[in-house]
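So you can see what is in the structure, the chains are spelled out below.
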2 protein chains.
Amino acid sequence: MSNAHDRIILPADKMPTQWYNPQPDLPTPLAPPLDPETHEPVTPDQLGVIFPTSLIEQEMSQDRWIPIPQPVLDAYRLWRPTPLIRARNLEKAIGAKCRIFYKDESVSPAGSHKPNTAVPQAYFNMTEGVKRLSTETGAGQWGTALSFACSQFGMDCTVYMVKVSYEMKPYRQILIRNYGSTVHPSPSELTRTGAEMLRRDPGCKGSLGLAISEAVEDAATHDDTKYTLGSVLNHVLVHQTIVGLETEQQLAEQGLKPDHLVGCVGGGSNFAGLVLPFLRRKLDGENIHFVASEPRACPSLTRGEYRYDYGDMARLTPLMKMHTLGHAFMPAPIHAGGLRYHGDAPILCNLMEEGLIDARSYFQTDCFDAARLFLQTQGFLPAPETSHAIKAAIDVAKEAGPDENVVFLYSGHGMLDLASYDAYLKGNLDNFELPQSDIDNALKECPQI
Amino acid sequence: MSNAHDRIILPADKMPTQWYNPQPDLPTPLAPPLDPETHEPVTPDQLGVIFPTSLIEQEMSQDRWIPIPQPVLDAYRLWRPTPLIRARNLEKAIGAKCRIFYKDESVSPAGSHKPNTAVPQAYFNMTEGVKRLSTETGAGQWGTALSFACSQFGMDCTVYMVKVSYEMKPYRQILIRNYGSTVHPSPSELTRTGAEMLRRDPGCKGSLGLAISEAVEDAATHDDTKYTLGSVLNHVLVHQTIVGLETEQQLAEQGLKPDHLVGCVGGGSNFAGLVLPFLRRKLDGENIHFVASEPRACPSLTRGEYRYDYGDMARLTPLMKMHTLGHAFMPAPIHAGGLRYHGDAPILCNLMEEGLIDARSYFQTDCFDAARLFLQTQGFLPAPETSHAIKAAIDVAKEAGPDENVVFLYSGHGMLDLASYDAYLKGNLDNFELPQSDIDNALKECPQI
């Protein structure tokens, strides 16, 4: 393979026209989401308060392939297919014997993989007459993506942004507002949940779980409004499979197979998008190593308990079976705001329990070191979340053999995270080693099911 | 042409391997640069104090094609070839009958077209033993690009950044520093020129002309250091022709020819990179409209005088024949910092005098309106400089016929310009209509040649 083909570009007409749904292929069936009050499986009708019918159908679908509607394909084509890039300079810098590729989802309008699901979520809501979408955002990537998607389909959008990110990343709000959306720091006074939290703790910096509560409450209390989530749920992961489906074609075009697939995990959608399309091959015996990378300050996959828990702090969402640090867990304010979620996508947790995922956790300074090495070799500035994938990919690549292929997901750029890079350069980043007692305490508040 | 091909991607092995040099094809020969003291044509030896031999040769070359060295091609392939994109949503929004395309140079590591010349400039300096490069930067795009390029070739880099941009765009400095470079606000105390300006006016916000003086002085007073310029000079424009050469192939692949080529002009390098490769076709009688767009607050092409002037405020550079507002001209602090240069590239001015360029000037609020429309239709956030190209492209497209093709250069993204978009949303942008007396006064300081 010559240098001329280090950027593997899929022709536009090879872009997938269906998403992959892993549910029929899971070795054990997914544990159903439960009603937070009765602990009975939730019904589509209950979900219908905050989600449109078409997305609820996708959430529960047992169809392996789900067609992508034409207007969604048209919007995808504003930036897709995305390139798969051989990171030859990085390989040299770390003395890797293997090949390293990265799938570049930073080229989207929002600068991350998030528009892959924001666009269909906005589209399906629009087709069912919804006028406004509410959502939460951690690092700001998801809020930006949904704002972009809503501007594509002429919808209104209200974003509850975790306050620590709102303050650390002022540029995100400006971008969201320029798309035409409204953004509030969470906790806000606009919802019962937010106002209550502010009474208890006026200095509260928020969490993704809390922001979810606010956005859900907004949707549940307004007729023309539905709620959207940027990760965790099955249909979100399904939309993200376009990433892995493209990657599979791109590697095949070069006559290559992936040996290691690496991604960072917050709620799990970008990682799932990369690995799920390879699940059947892995189950069929192909030796494909799925490596999930998460912050040591919020180690849900590596140290969380696999049990039913709420998706949000205010216990408004259905109970989901997942690896959780407890819905009351308040992670330290690390710079990878998008990885500060107490749980993980149920589909990923199911695979984790089957022993199909190798999860690792890293300190943020080690991830920023990896990000800077990437910047100075490959030229591009990664998001702090993405730096966790780079760090894990480097670790994996150092041990991989000469004919192996390490593919990591470059989930987003760091152009709006430069304040974090400033703190990094100034040596102002803390590493948080989480005491087991913190986890134990938070888990005490989980329901006994 | 179906939607499937709205993103026209050139295969990696079709990337040009030579730059186009317009000098042999200019209808009238280029007026030579003159020694600032003697007013005699400068010799290569004189330029050798601040430039390496290979770049001086390119500056004066009469060869139509200049080969791109392999290490430069390898670095280009980190992001090139860049896509040519049909802006179908923008077409609809403005009711255009024609097709609108944009050549997307925002996908580079630095987020603009600037690395196209930063990479070869760093490379050629390195091959001649230079250890450190000095330069100025206006909006910060060029400083970022050169920092990226120096990191690719293991060189040190010192950037003098116009103070108004340094303060308006804090993220730029952080990015430059993360590449491993040093950045100083200009005027600085580090050079004789900067220190003198600060004594005269301690609150001086700087200008590109002044920052050039500082960077040139730095190079001239350090043996291991050479100077680099991000625009204006012939060799810079030559390196940028890869943009137009790719565009020509991309259009041809679709069976299309360009009717209107549009770009913004500060020093002129991005616009020149797009249009110069079409110069011979235009001179051969093909009807291709070259449209240059500049800020009304710094209207060098539309209101400047065509005469010899210094490239910098301190009169250290050779005299160049160009459209100039006077080297002492201090433009208003508009948000398109990269378009605040008192002159223009001599090659462009030569073509302007031949009547080959249609230059237009716009108020910044009109350009931000165009940028926001682009954001809300095509999804991507343009740099304030690029917004001038979008505004002009929209104007041209509204008048263009149904089979015509408008191609504009999307020179950079605006992810690091969100403070400007904040001011725009808040209604805090001023428009500056320049009084003729300001121009007349500044021109009085030009040499009489």
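As the structure is a prediction and not an experimental result, all values here were calculated from the model.

Student: Please provide a residue-by-residue account of the overall build of chain A, values included.
Tutor: Along the backbone of chain A there are 19 helices and 15 strands. A globule of 449 residues ought to have a C-alpha radius of gyration of about 22 Å, and chain A, at 20 Å, matches this closely. With respect to the principal axes defined by its C-alpha atoms, chain A has extents near 60 × 50 × 45 Å. The contacts of chain A with a sequence gap of at least 6 include a subset with a gap of at least 24, amounting to 76%. As displayed, chain A has an accessible area near 14,200 Å², and 48% of this comes from carbon and sulfur atoms.

Student: Describe the pairing of strand 11 (residues 289-295) of chain A, naming the residues involved and giving the relevant values.
Tutor: Residue and element names in this part refer to chain A. Most of strand 11 is tucked away: six of the seven residues are buried. Here strand 11 pairs with strand 14 (residues 357-362) via six bridges, running parallel. For Pro295, the partnering residue across the bridge sits in strand 14 and is Tyr362.

Student: Can you explain the UniProt feature "domain: Tryptophan synthase beta chain-like PALP" (unreviewed entry) in chain A? Please cite residues and give values.
Tutor: Mapped onto this structure's residue numbering, the UniProt feature "domain: Tryptophan synthase beta chain-like PALP" (unreviewed entry) falls at residues 79-412 of chain A. Annotated as residues 79-412 of chain A, this span is 43% helix and 20% strand, and its ends, taken at the C-alpha atoms, are 14 Å apart.

Student: Talk me through the packing of aromatic side chains; I want residue IDs and the actual numbers.
Tutor: Applying the stated criterion to the full structure yields 31 aromatic pairs over all chains. Seen from their ring centres, B:Tyr102 and B:Tyr410 are 5.1 Å apart, and the 50 degrees between their planes marks the pair as tilted. Of the two residues, B:Tyr102 sits in strand 5 (residues 99-104) while B:Tyr410 sits in strand 15 (residues 405-410), which places them 308 residues apart along the sequence. Across this residue pair, the class does not change: B:Tyr102 and B:Tyr410 are buried. Three or more aromatic residues link up through ring pairs in this structure, and these residues are A:Trp19, A:Tyr123, A:Phe124 and A:Phe153. The lysine or arginine in question, B:Arg86, covers the ring of B:Phe101, its NZ or CZ lying 6.0 Å from the ring centre. In this structure, B:Arg296 packs its charged tip against the face of B:Phe363, placed 4.5 Å from the ring centre.

Student: Break down the side chain of A:Glu217 for me, citing the residues and quoting the values.
Tutor: Residue and element names in this part refer to chain A. In this fold, Glu217 is placed in helix 10 (residues 208-220). Although Glu217 is buried, it forms no salt bridge, and the closest oppositely charged side chain is Arg192 at an N-O distance of 4.5 Å. Among residues more than four places away in sequence, those in contact with Glu217 are Thr191, Arg192, Thr193 and Leu316.

Student: Tell me about the relation of the copies chain B and chain A, and please be specific about residues and values.
Tutor: After a rotation of 180 degrees and a shift along the axis of 0.0 Å, chain B superposes on chain A with an RMSD of 0.0 Å. Taken together, the turn and the small shift mark the pair as related by a two-fold rotation axis. Taking C-alpha positions as the reference, the residue of chain B nearest the rotation axis is B:Met415, at 3.1 Å. Both copies contact each other with a shared surface, as 100% of the interface residues of chain B are interface residues in chain A too.

Student: Which residues make up unusual backbone geometry, and what are the values?
Tutor: All names here are of chain A. With an omega of 10 degrees, the peptide bond running from Ser186 to Pro187 counts as cis. Here Pro187 is to be found in the loop between strand 8 (182-186) and helix 9 (192-200). Of note, Val232 is a non-glycine position whose phi angle comes to about 70 degrees, a positive value. Note on placement: Val232 falls in the loop between strand 9 (225-227) and helix 11 (234-253). Residue Val232 is classed as buried on the basis of its relative accessible area, which comes to 4%.

Student: Just give me the short version of the pattern of salt bridges, but keep the residues and values in it.
Tutor: Residue and element names in this part refer to chain A. Evaluation of the coordinates by the stated rule reveals 40 salt bridges over all chains. When the shortest N-O distance is used, the salt bridge between Arg296 and Glu433 registers 3.7 Å. Here the residue Arg296 occupies a position in the loop between strand 11 and helix 14 (300-303), and Glu433 occupies one in the loop between helix 18 (418-425) and helix 19 (436-443), the gap between them amounting to 137 residues. In this structure, a network of salt bridges that share partners links the residues Arg80, Lys103, Glu105 and Glu246.

Student: Break down the interface of chain B and chain A for me, with residues and values.
Tutor: Listed as interface residues are 46 residues of chain B and, on the opposing side, 46 residues of chain A. Between chain B and chain A, the buried area comes to about 4,100 Å², and carbon and sulfur atoms account for 59% of it. Seen at the junction of chain B and chain A, the total is zero salt bridges. On the surface where chain B and chain A come into contact, there are 20 residue pairs in polar contact (both at pLDDT 80 or more). Elements that contribute at least two residues to the side of chain B that touches chain A include exactly helix 6 (141-152), helix 8 (170-178), helix 16 (364-378) and helix 18 (418-425) of chain B. The residue makeup of the side of chain B that touches chain A, split by class, is 25 nonpolar, 13 polar and eight charged.

Rules used in this analysis
Residues numbered from 1 in each chain as written. Chains lettered and ligands numbered in written order. Predicted model: local features only at pLDDT ≥ 70, side-chain atom pairs only at ≥ 80, totals over all residues. Heavy atoms only, no water. Helix = DSSP H or I, 4+ residues; strand = E, 2+ residues; numbered from the N terminus. Rg over C-alpha atoms; globule rule 2.2 N^0.38 Å. Contact = heavy atoms within 4.5 Å. Areas by Shrake-Rupley, 256 points an atom, 1.4 Å probe, with all protein chains shown as cover. Buried < 20%, exposed > 50% of the residue type's maximum accessible area, 1.4 Å probe, protein only. Pairing = 2+ DSSP bridges. UniProt positions renumbered as here; feature names shortened; annotations may be inferred. Phe/Tyr/Trp six-rings, centres within 6.5 Å; stacked < 30°, edge-to-face > 60°. Lys NZ or Arg CZ within 6 Å of the ring centre and 35° of its normal. Lys, Arg positive; Asp, Glu negative; His and termini not counted. Salt bridge = Lys/Arg side-chain N within 4 Å of Asp/Glu carboxyl O. Least-squares fit on C-alpha atoms with pLDDT ≥ 70 in both. Buried area = accessible area lost by both parts, 1.4 Å probe. Polar contact = N/O pair within 3.5 Å; in protein donor to acceptor, adjacent residues only side chain to side chain. Nonpolar A, V, L, I, M, F, W, Y, C, P; charged D, E, K, R; others polar.

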